[in-house]
Amino acid sequence: MELEVWLNAGLGGLFGLLIGSFLNVVIYRLPKMMEHQWAAELAAMSVSSDETNQQQYPAPELAKFNLMVPRSRCPACGHEVQWYENIPVLSYLFLRGRCSSCKVRISVRYPLVEIATGALFFFCIQRWGFTPTGVAWCGFSAALVALAFIDWDTTLLPDDITLPLLWAGLLASALQWTNVPLNASVIGAAAGYLSLWLVYWGFKLATGKEGMGYGDFKLFAALGAWFGWQALVPIILMSSVIGAIVGIGMKIFSSLREGGYVPFGPFLVGAGFTAMVFGPNAILDTVLRLFGF
């Protein structure tokens, strides 16, 4: 029986590697798809019934661009990535981290995303098996990996991921795929959103600046749906501590971005994974020990 558990976990890990390869596409393309959509909407708003304005603000003709097309290419030389060059981790090692055509270095982040996703899927299936619960937490993990990297790159947390993640948490609770009662899940979603919404407006009224984006509210609401309202305080404490440590480190090494900001989403994601692996109570105990309590 134990051998079967580990075999299933191994299969889950292999599937996670494949999902990680797809997440690399999502991380790169979804923000660009959003930009294309915004450009099209802006052009449509700019065009009026006046013929002069129609000539002045023509609607842009954008090439078809989504998660499926066009095929992945090397950004340096335009070489189309072949299927055998897209095998998770193995292709990167075989190519020695370089494009097969122009030999430009490929970012190590691609295999790291694949390995991280594979490891998370391995953990979920090893812990919960090939059950609705295990599959649900695999989906949770994949969504959080994509959100962390997208937010780090662009400071965006797309609704296309955060909102399905929120509804999936509520559905998983309703179907008893998690150990969170439905009422705790619903209250967690509402409290997660409203708590950061209040912080946002309090900070904005006090300073005139925006301290975070609405995507952070939705992500925190999704975590509340998955873990229940009782987990919100431990999660926000852990993410704040991690964020402060990383932010201070980046400031010391002068690696902060222009404007001195650090996206908050990746730290919420880190706290979410900690809650999934160790439980929210373990997070709270860890934070309290950090402060000597």
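For the structure, see preceding data.
For every chain, the first residue of the written sequence is number 1, and numbering continues from 1 along that sequence. Confidence filtering applies because this is a predicted model: local features only for residues at pLDDT of at least 70, side-chain atom pairs given and counted only at 80 or more, and all residues used for totals across whole chains, interfaces and linings. Neither water nor hydrogens contribute to the side-chain values; these are computed over all heavy atoms in the structure.

Draft legend 1. Local environment of the overall build of the protein chain. Helix and strand counts for the protein chain stand at 11 helices and zero strands. Counted from the first residue to the last, the protein chain has its helices and strands arranged as α-α-α-α-α-α-α-α-α-α-α. Taking the intrachain contacts of the protein chain between residues at least 6 apart in sequence as the baseline, contacts between residues at least 24 apart amount to 69%. Surface exposure of the protein chain reaches about 16800 Å², of which carbon and sulfur atoms provide 66%. Only DSSP runs of H or I reaching four residues or more are called helices, and only runs of E reaching two or more are called strands; each is numbered from the N terminus. The criterion used for residue contact is that any of the two residues' heavy atoms lie within 4.5 Å. Note on areas: these come from Shrake-Rupley sampling with a 1.4 Å probe, and a residue is covered only by the protein chains present in the view.

Draft legend 2. Up close: the pattern of salt bridges. Here a salt bridge means any side-chain nitrogen of Lys or Arg lying within 4 Å of a carboxyl oxygen belonging to Asp or Glu. The final tally for this structure, using the stated rule, is five salt bridges. A salt bridge links E80 to R73, with the nearest nitrogen and oxygen atoms 3.0 Å apart. Here's how the labels work: a residue is buried when its accessible area is under 20% of the maximum for its type, exposed when over 50%, partly exposed in between, all with a 1.4 Å probe on protein chains only. E80 gets classed as partly exposed once you look at its relative accessible area, which sits at 26%. Owing to a relative accessible area of 47%, R73 belongs among the partly exposed residues under this scheme. Look at the salt bridges and you will find they share partners, linking R71, R73 and E80 into a network.

Draft legend 3. Region of the structure containing helix α10 (residues 265-278). Taking 1.5 Å per residue, 14 residues should reach 20 Å; α10 reaches 20 Å between its end C-alpha atoms and fits that length. By the criterion of burial, α10 is predominantly enclosed, with 11 of the 14 residues buried. Looking at α10, one finds that the buried residues are G265, P266, F267, L268, V269, A271, G272, F273, T274, A275 and M276. Downstream of α10 by a residue or two, G279 has a phi angle that is positive, lying close to 100°. To estimate how far a helix should reach, multiply one less than its number of residues by 1.5 Å.

Draft legend 4. Quick look at the environment of L23. Here L23 is to be found in helix α1 (residues 2-46). Separated by 87 residues in the primary sequence, L23 and Y110 have C-alpha atoms spaced 9.3 Å apart. Once residues within four sequence positions are removed from consideration, L23 is found in contact with V113, T117, A142, V145 and A146.

Draft legend 5. Up close: the nonpolar core. In these notes, a set of buried Ala, Val, Leu, Ile, Met, Phe, Trp, Tyr and Cys residues joined through side-chain atoms within 4.5 Å is what counts as a nonpolar core. Residues F140, L165, L223, F227 and I235 are the most contacted members of the largest nonpolar core, which totals 54 residues. Of all elements in the fold, only α1, α4 (109-128), α5 (132-154), α6 (159-174), α7 (182-207), α8 (214-227), α9 (232-252) and α10 reach the threshold of two or more residues within this core. At 12 residues, α5 tops the list of elements feeding residues into this core. Look past the residues within four positions of L223 in its chain and what remains in contact with it is F140, L144, G228, I235, L268 and G272.

Draft legend 6. Focus on α5. If you check α5, its first and last C-alpha atoms are 33 Å apart, about what 23 residues at 1.5 Å a residue would give, namely 33 Å. The positive-phi residue at the C-terminal boundary of α5 is T155, with phi of around 60°.

Draft legend 7. Examining unusual backbone geometry more closely. A cis amide bond links V69 with the next residue in sequence, P70, at an omega value of -5°. Tracing the chain through its elements places P70 in the loop between α2 (51-56) and α3 (90-94). The residue T155 is not glycine, and still its phi comes out positive at about 60°. Mapping T155 onto the fold places it in the loop between α5 and α6. With relative accessibility at 38%, the residue T155 sits in the partly exposed group.

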